[in-house]
Amino acid sequence: MLALLPLWSGCSDTVIDPFDNDERYFTVYGHLDLLQTEHKLRVIPITRFAESINSTTAFQASIDAEVYTTDLFTGVRTQWTHKLEPLNDGSYGHVYTGKFLVGANRTYRLEVIRSDGKMATAETHVPVINTPTLFELGPEVFENDSTLVYRDIKIPEIASPWNIRAIYLWGSGPINRRIFVPYGRPGHRTDDGGWEMRMNISDDQQAVRDNVQWSIDRGQIPNADTYSLTAMGIQIRILDKNWDPPGGVFDPEILAQPGAMSNVENGYGFFGSVGLYVEEWNATHISTLLGHPF
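Conventions and cut-offs
Residues numbered from 1 in each chain as written. Predicted model: local features only at pLDDT ≥ 70, side-chain atom pairs only at ≥ 80, totals over all residues. Heavy atoms only, no water. Helix = DSSP H or I, 4+ residues; strand = E, 2+ residues; numbered from the N terminus. Buried < 20%, exposed > 50% of the residue type's maximum accessible area, 1.4 Å probe, protein only. Contact = heavy atoms within 4.5 Å. Polar contact = N/O pair within 3.5 Å; in protein donor to acceptor, adjacent residues only side chain to side chain. Phe/Tyr/Trp six-rings, centres within 6.5 Å; stacked < 30°, edge-to-face > 60°. Core = buried A, V, L, I, M, F, W, Y, C linked by side-chain atoms within 4.5 Å.

A closer look at the environment of Tyr 277
Relative to the helices and strands, Tyr 277 is located in strand S16 (residues 267-282). Given a relative accessible area of 4%, Tyr 277 falls into the buried group. Each C-alpha atom of the pair Tyr 277 and Pro 127 lies 9.4 Å from the other, and the pair is 150 residues apart in sequence. Among residues more than four places away in sequence, those in contact with Tyr 277 are Ile 129, Thr 131, Pro 132, Thr 133, Leu 134, Phe 135, Ile 234, Gln 235, Ile 236 and Ile 238. A distance of 3.3 Å separates a polar atom in the side chain of Tyr 277 from the backbone oxygen of Pro 132.

Regarding the packing of aromatic side chains
Applying the stated rule across the entire model yields 5 aromatic pairs. With a centroid separation of 5.5 Å and an interplanar angle of 75°, the aromatic rings of Phe 135 and Tyr 277 are classed as edge-to-face. Taken together, the residues Phe 135 in the loop between strand S8 (119-125) and strand S9 (136-143) and Tyr 277 in strand S16 connect sequence positions 142 residues apart. Each member of the pair, Phe 135 together with Tyr 277, is buried. One aromatic cluster is present, built from ring pairs that chain together Trp 80, Phe 100 and Tyr 108.

Considering the nonpolar core
Soluble globular proteins tend to bury their nonpolar side chains together. Counting residues in hydrophobic clusters, the biggest one holds 34 residues, and the most contacted among them are Phe 135, Ile 155, Tyr 168, Met 199, Met 232 and Ile 234. Broken down by element, the residue count for this core peaks at 5 residues, all from strand S15 (residues 228-239). The residues touching Phe 135, leaving out its near neighbours within four places in the chain, are Ile 153, Lys 154, Ile 155, Pro 156, Ile 234, Ile 236, Tyr 277, Glu 279 and Trp 281. Residues Phe 26, Ala 65, Val 112 and Val 264 belong to the second largest nonpolar core, which totals 21 residues.

Here it is, written out as structure tokens:
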């Protein structure tokens, strides 16, 4: 996900004149993650010169900025810690780390403050889906003499899902395993603002069999004839509403344009948040049809 935001890349091709910056003081890139307790944010002062820090003793290796986030529900304000960190291109960047638990359905306000009181700010609302049955599940389709099995799934309300993973649960006696198959971001946006994707059920079963064999090799189950597939599902990461790219597509050519996707007041860049949604359903009726013992 961070590849979408140039958090760890250089910014030597961006020059903003401080005398014509429309009262913008910092460029920031980062996000809060519901599943993490440590969050990172890159901060770039807006000056006449592009940031180019080639050593820890370079002119721009110091920064006049303090970073805070405030949970607007509890009022708790957290100061982030600064560190000069190496970037992928061999240069350095000013990276701030905040350590705290993120609450779903909470709004967080970011403040990046100069010593003279000038600041850039942004807010993000951590997304949450409260219903346990959001997905609209299509039928399980069997093709090619039942060797190909898939299911189309519509995801209402979520226009930009991220880091989609298929979930499969199998059991053998007291052993129950939940495994994840990474999908990335397959599918497309629907006309009503949701998302539609295909779950490649038959293709994913090799991951189940590999996990069963792993358990056999470690003596956790006796053999491959003593398990069944019990459930399946989908896990998605939910991007906050501000993080919706133009047209639903993370096109670098479009996002590179100034102001294409930014929620920073008195600055540039983006500060967002990532939530989580998981839905699972029974799969015992399809276990043997997929080649599992029972």
